[in-house]
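# Structure at a glance
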Amino acid sequence: MIVFDNVGKAYRNRKGEINWLIRNFSGAVAPGKSLGILTPPSQGKTTFINMAAGNEKPSEGSIVRRGEVSWPWGSGSVISSKLSGRQNIRFLSDLYGRNFNRVHEFVREFADLGKYLDGPLRNYNGEMKARLGVSLLFAMDFEFILVDNSMDGGDMTFRRKCAKYLEENRSNLTFLIATERPNLVSKYCQTAGVLFEGEVTLYDRVDLALAHFNKVNLVEA
Amino acid sequence: MSASRSGSAPVRVNILHGAANNGRIIVALIFREAALRFGTTPFSYVWTLVEPSAFIGIYLFFRLVVKDANPMFGDSSILFLLTGIIACRAIRATIAKGMKGIVTNLPLFEFGAIRPMDAVVARTTLEFTIWLLILTTFLVVVRFITGEAVVVNFQRLVIAMLMIYFFCIAMSMFNATVGALWALWRSLWRLLALPLYLASGIFFVPVQLPPDILTFVWWNPFLHCVEAIRENSYLDYTSVYSPTYLGSFSVSFMLIALVVEHVYRKEILRSRYDDDEEEL
């Protein structure tokens, strides 16, 4: 469970004025009930997901994480270019207390990097790095997966593989998605909300959130 | 909101669970640091130990053979210099590496699981372990060359080493946080390095100093680190080592570092130490 209790995040601009990206947000992501937060561009998606990940502290209120929360999908920082694929797997397995052999085996099969997996990451291209990153995210068996805007990564074949994996493991995965892409929310979430001008409006039904988002997104555009 | 409000047993469970989690993260970071430091070849592991050992070896050779230095205390010049130089160099090198724990691992703090201080502790621990291995190697070699006992109280030496390790962590944390925010402290730290090194009892026996000077140099924490090792390497050594002072100093600096990190984490993560070079 990820619980947001009256969460707010503000930044001070160069003139010294306080700008609230999110304010007075209370809500929860319960296991099996994915939440999608729809928001137009530059309205605080990354800040919201970073706060959920524990990377940023809220300016007010609190966030309680019960259960294992992933790093944001697609975050390049989880893998180091100075290490080999194998060393990266070792580090993340140790970090999250997972069995190295199981994780290595999963990534070997899923990322399909062949002999490159044991080689240094400097020999990888961007697409191969993305495949390794997403495979590691799945291999960790997180209870909650955080998505910052998109679930892209890898070539078309790999994306199909990911979509198939997500479909097959739907019952075990809970997402917290902050995005400007309505199709992600309608595909993976059971509840949704709209973040606009610092205020989050939550809806029990995704279609209501989509309707609200379409309205504010049109205004924003 | 959290389970900790429901009673003392869950609080204990939470603390233990949190400590176990933190321990696991630090161990993972230590192995990552080792992989980054040593690379993938066994030669790199050996070189990490050989390089500083060679420096110490060459220095000792020049001091003892070329300059024919007399021991300031005891019969063995090599043991006197070794307990001083290695201890001091180890501490300085450990702090220098540890204080860069945040700036060299910035991407790691972007996915939530790792706190900046975890990286500082991991890096300091790895460097301290390397130097501990080097010190052990030299002490064993000296033991065989001189045929005399080089450790008179093993248990107390272990406690002394733990105190020194704690001091290294505290100073690394302090430099990594305060130093990241204020360039003035980084300059001051560099300026102080030589006087602190020279006043740490490497080349003299502190208790033989005139009382007025001793009162002054006694406040140097490096002196206490060197004295902590010497006290347990010589049977009749009169040391000025104060575990209370070294411990209090370390706790104070660590607390300041933790508070600064808590309040200014964002600013610390933005700092790039642009004006610095690796200090050893």
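All of the points below concern the structure found in this document. Numbering of residues starts from 1 in every chain and runs along the sequence as written. As a convention, the first chain written is A and the first ligand written is 1, with the rest following in written order. Local features are withheld for residues below a pLDDT of 70 in this predicted model, meaning they are given only at 70 or higher, and side-chain atom pairs are given and counted only at 80 or more; totals for whole chains, interfaces and linings count all residues. Remark: hydrogens and water are excluded; side-chain values derive from all non-hydrogen atoms of the structure.

A word on the interface of chain A and chain B. A contact between two residues is defined here by any heavy atoms of the two lying within 4.5 Å. On the chain B side, the residues contacting the 25 residues of chain A number 23 residues. Here a salt bridge means any side-chain nitrogen of Lys or Arg lying within 4 Å of a carboxyl oxygen belonging to Asp or Glu. Counting across the chain A and chain B interface gives one salt bridge. Here Glu56 of chain A and Lys266 of chain B are joined by a salt bridge, their closest N and O atoms 3.4 Å apart. Pairs of N or O atoms are called polar contacts if they sit within 3.5 Å, as long as, within protein, a hydrogen donor faces a hydrogen acceptor (for residues adjacent in sequence, only side-chain-to-side-chain pairs). The interface formed by chain A and chain B contains three residue pairs in polar contact (both at pLDDT 80 or more). Labels follow the DSSP assignment, with helices taken as runs of H or I lasting at least four residues and strands as runs of E lasting at least two, numbered in each case from the N terminus. Mapped by element, the contributors of at least two residues to the side of chain A that touches chain B are strand S1 (2-12), helix H1 (45-53) and helix H2 (85-96) of chain A. With six residues, the top contributor of residues to the side of chain A that touches chain B is H2 of chain A. Just so you know the grouping, Ala, Val, Leu, Ile, Met, Phe, Trp, Tyr, Cys and Pro go in nonpolar, Asp, Glu, Lys and Arg go in charged, and all remaining residues, Gly too, go in polar. Of the residues assigned to the side of chain A that touches chain B, the class counts are twelve nonpolar, seven polar and six charged.

Residues and elements named next belong to chain A. Strand pairing requires that DSSP identify at least two bridges connecting the strands. With mixed pairing, five strands are arranged side by side in an open sheet as S5-S6-S3-S7-S8. The open sheet has two edge strands, strand S5 (144-148) and strand S8 (199-203), and neither has a second partner. The sheet shows a mean angle of 15° between the axes of neighbouring strands, taken without regard to direction. Bridge count for strand S3 (residues 35-38) against strand S6 (residues 174-179) is four bridges, and the pairing is parallel. Counterpart to Leu38 in the pairing with S6 is Thr179. Axes here mean lines fitted to C-alpha atoms, for a helix over just the part in contact, with angles spanning 0 to 180 degrees between N-to-C directions.

One pass over the full model with this rule turns up 17 salt bridges over all chains. Notably, a salt bridge pairs Glu68 of chain A with Arg98 of chain A, separated by 2.4 Å at the nearest N-O pair. Taken together, the positions of Glu68 of chain A in the loop between strand S4 (60-65) and H2 and Arg98 of chain A in the loop between H2 and helix H3 (100-111) put the pair 30 residues apart, joining distant regions of the chain. Among the ionic pairs, Asp207 of chain A bridges to Arg205 of chain A, the shortest N-O distance being 2.8 Å. Put simply, Lys9 and Glu56 of chain A together with Lys266 of chain B are held in one network by salt bridges that share partners.

Checked against the element boundaries, Ser150 of chain A lands in the loop between S5 and helix H5 (156-168). Setting aside anything within four residues of it in sequence, one finds Ser150 of chain A in contact with Trp73, Arg181 and Leu184 of chain A.

Tracing the chain through its elements places Ala122 of chain B in helix H4 (residues 116-146). Ala122 of chain B has contacts with Ile26, Leu29 and Ile30 of chain B, leaving out every residue within four places of it along the chain.

Residues and elements named next belong to chain A. Its identity is not glycine, yet Asn24 carries a phi of approximately 55°, on the positive side. One can find Asn24 in strand S2 (residues 18-29). For Asn24, a relative accessible area of 53% translates into the label exposed. Located in the positive-phi region is Asp141, a residue other than glycine, with phi close to 55°. Tracing the backbone shows Asp141 in the loop between helix H4 (126-139) and S5. For Asp141, a relative accessible area of 48% translates into the label partly exposed. Per-residue accessibility, obtained with a 1.4 Å probe over protein chains only, is compared with the maximum for each type, and a residue is labelled buried under 20%, exposed over 50%, and partly exposed between these values.

It is worth spelling out the nonpolar core at this point. Grouping buried Ala, Val, Leu, Ile, Met, Phe, Trp, Tyr and Cys residues that are joined through side-chain atoms within 4.5 Å yields what is termed a nonpolar core. Formed by 130 residues in total, the largest nonpolar core has its most connected members in Trp71 and Leu136 of chain A. Per element, the largest residue contribution to this core is 15 residues, and it comes from helix H5 (residues 154-181) of chain B. Beyond its immediate sequence surroundings of up to four residues, Leu136 of chain A is in contact with Trp71, Ile79, Ile89, Leu92, Val103 and Val107 of chain A. Grouped together as the second largest cluster of nonpolar side chains are 22 residues, Leu21, Ile37, Ala53 and Phe144 of chain A included.

We now examine the packing of H3 of chain A against H4 of chain A. Helix packing for two helices is described by the angle between their axes and how far apart those axes are. Residues and elements named next belong to chain A. Two elements in contact, H3 and H4, have axes separated by 9 Å at closest approach and are oriented at 135°. In this view, H3 runs oblique relative to H4, as classed from their interaxial angle. H3 and H4 meet at a crossing whose hand is right-handed. Taken together, the residues of H4 that come into contact with H3 (itself represented by Arg102, Val103, Phe106, Val107, Phe110 and Ala111) are Arg131, Leu132, Ser135, Leu136, Phe138 and Ala139. When its residues are assigned to classes, the contact of H3 with H4 shows nine nonpolar, one polar and two charged. In what follows, roughly perpendicular refers to angles from 65 to 115 degrees, roughly parallel to angles under 35, roughly antiparallel to angles over 145, and oblique to any angle outside these ranges. Note on convention: near helix rotated counterclockwise from far helix by under a right angle means a left-handed crossing. Clockwise means right-handed.

Moving on to the sheet that holds S1 of chain A. All names here are of chain A. Strands sit in the order S2-S1-S4 across an open sheet of three strands; the sheet is antiparallel. At either end of the open sheet lies a strand with only one pairing partner, and these are S2 and S4. Neighbour-to-neighbour, the strand axes of the sheet open up by a mean angle of 25°, direction not taken into account. As paired elements, S1 and S4 share five bridges and run antiparallel to each other. In the sheet register, Val3 faces S4, and the bridge partner there is Val64. Sheet strands in contact with H1 are S1, S2 and S4, and its direction is about 130° off that of S1.

Residue and element names in this part refer to chain B. If you trace the backbone, Thr83 turns up in helix H3 (residues 77-98). We classify Thr83 as buried; its relative accessible area is 1%. Reaching out from Thr83, the side chain makes a polar contact with the side chain of Arg230 at a distance of 3.1 Å. What Thr83 contacts, discounting residues up to four positions off in sequence, is Val226, Ile229, Arg230 and Ser233.

Classification of ring pairs rests on two measures: the distance between centres of Phe, Tyr or Trp rings, Trp counted by its six-membered ring, which must be within 6.5 Å, and the angle between planes, read as stacked under 30 degrees, edge-to-face over 60 and tilted in between. Within this structure, the stated rule accounts for 28 aromatic pairs over all chains. For the ring pair Phe25 of chain A and Phe48 of chain A, a centre distance of 5.7 Å and an interplane angle of 55° mean the geometry is tilted. Linking Phe25 of chain A in strand S2 with Phe48 of chain A in helix H1, this pair joins segments that are 23 residues apart in sequence. When the ring of Trp218 of chain B is compared with that of Trp219 of chain B, the centres are 5.2 Å apart and the planes differ by 90°; the resulting orientation is edge-to-face. On the basis of relative accessible area, Trp219 of chain B is assigned to the exposed category, the value being 54%. Each residue in the set Phe167, Phe174, Trp185, Trp189, Trp218, Trp219, Phe222, Tyr245, Phe249 and Phe253 of chain B is aromatic and connected to the rest through ring pairs, giving one cluster. Put simply, a charge is over a ring when the Lys NZ or the Arg CZ is close to the ring centre, within 6 Å, and near the line of the ring normal, within 35 degrees. Looking at Arg92 of chain B, its charged tip hangs above the ring of Tyr197 of chain B, at a distance of 5.0 Å from the centre.

By themselves, these are just geometric observations and shouldn't be taken as functional.
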